[in-house]
Amino acid sequence: MNTNNTATREPAHPVNRLNRLVHEPSRLLILSCLHGLQSADFLFLLRQTGLTRGNLSSHMSKLEGAGLVQVEKSFVDKIPRTLYRITDDGRNALRTYRAQMEDVLADLPE
């Protein structure tokens, strides 16, 4: 007996289709900051987001692991420098998220 009858189910609410990786406020803020820039260093993002060093590092690791952000580490005069760039996949994820949020908000009663 098939109890998983999809024909009688109502469609999922648009909020259930949101990309949870992007939806998390700190990661959404990071991606939004990077979207308008060619690249940004760690200290710039630290100031722009107001996150702690540990939180920013943790969120960047998740974004990098998902392929939404590219990380470039180097040294400038023996000082470590980390640059972040949003990838094409990151831009697409942010665009998709925006469209999905518009669907969520359009579904709200007046």
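Our structure's up above, just so we're on the same page.
It should be emphasised that the depicted structure is a prediction, and the values quoted were computed from it without experimental measurement.

It is worth spelling out unusual backbone geometry at this point. With the exception of glycine, the majority of residues adopt a negative phi angle, and the majority of peptide bonds are in the trans configuration. You will see that Asp77, though not glycine, has its phi angle at about 50 degrees, which is positive. Look at Asp77 and you get exposed, because its relative accessible area is 71%.

Moving on: the side chain of Arg27. Locating Arg27 in the fold gives a position in helix H2 (residues 25-35). Put simply, Arg27 is tucked away with no salt bridge, and the nearest opposite charge, on Glu24, sits 4.5 Å away. A distance of 2.8 Å separates the side chain of Arg27 from the backbone oxygen of Leu21, its partner in a polar contact. When sequence neighbours within four positions are dropped, the list of residues in contact with Arg27 reads Arg20, Leu21, Val22, His59, Lys62 and Leu63.

Attention now goes to the packing of aromatic side chains. Overall, the coordinates contain one aromatic pair when judged by the stated rule. Taking 6.5 Å as the distance between ring centres and 45 degrees as the angle between the ring planes, the aromatic pair formed by Phe42 and Tyr84 counts as tilted. A residue pair is termed long-range when its members are at least 10 positions apart, and Phe42 in helix H3 (residues 42-49) and Tyr84 in strand S3 (residues 79-86) qualify at 42 residues. Residue classification places Tyr84 among the buried positions, given a relative accessible area of 6%.

Moving on, we get to the pattern of salt bridges. One pass over the full model with this rule turns up two salt bridges. Of the charged contacts in the structure, one is a salt bridge between Glu72 and Arg85, with a shortest N-O distance of 3.0 Å. Taken together, the positions of Glu72 in strand S2 (residues 69-76) and Arg85 in strand S3 put the pair 13 residues apart, joining distant regions of the chain. For Arg85, a relative accessible area of 23% puts it in the partly exposed group. One salt bridge connects Arg98 with Glu102, and the closest N-O pair in it is separated by 3.5 Å. Here Arg98 pairs with Glu102, and both are found in helix H5 (residues 88-106), just four residues apart, close to one helical turn. The class for Arg98 is exposed, based on a relative accessible area of 58%.

The next point concerns the pairing of S3. Judged from the two bridges that link them, strand S1 (residues 40-41) and S3 form a sheet pairing that is antiparallel. Pairing of Ala40 across the sheet is with Tyr84, part of S3. Judged from the eight bridges that link them, S2 and S3 form a sheet pairing that is antiparallel. Bridge pairing in S3 places Val76 opposite Ile79. In textbook terms, the turn of a hairpin is the stretch between consecutive antiparallel strands, and for S2 and S3 this stretch comprises two residues, one of which, Asp77, has a positive phi near 50 degrees.

The rules behind the values
Residues numbered from 1 in each chain as written. Predicted model: local features only at pLDDT ≥ 70, side-chain atom pairs only at ≥ 80, totals over all residues. Heavy atoms only, no water. Buried < 20%, exposed > 50% of the residue type's maximum accessible area, 1.4 Å probe, protein only. Helix = DSSP H or I, 4+ residues; strand = E, 2+ residues; numbered from the N terminus. Lys, Arg positive; Asp, Glu negative; His and termini not counted. Salt bridge = Lys/Arg side-chain N within 4 Å of Asp/Glu carboxyl O. Polar contact = N/O pair within 3.5 Å; in protein donor to acceptor, adjacent residues only side chain to side chain. Contact = heavy atoms within 4.5 Å. Phe/Tyr/Trp six-rings, centres within 6.5 Å; stacked < 30°, edge-to-face > 60°. Pairing = 2+ DSSP bridges.

Worth remembering: the numbers are spatial, not functional.
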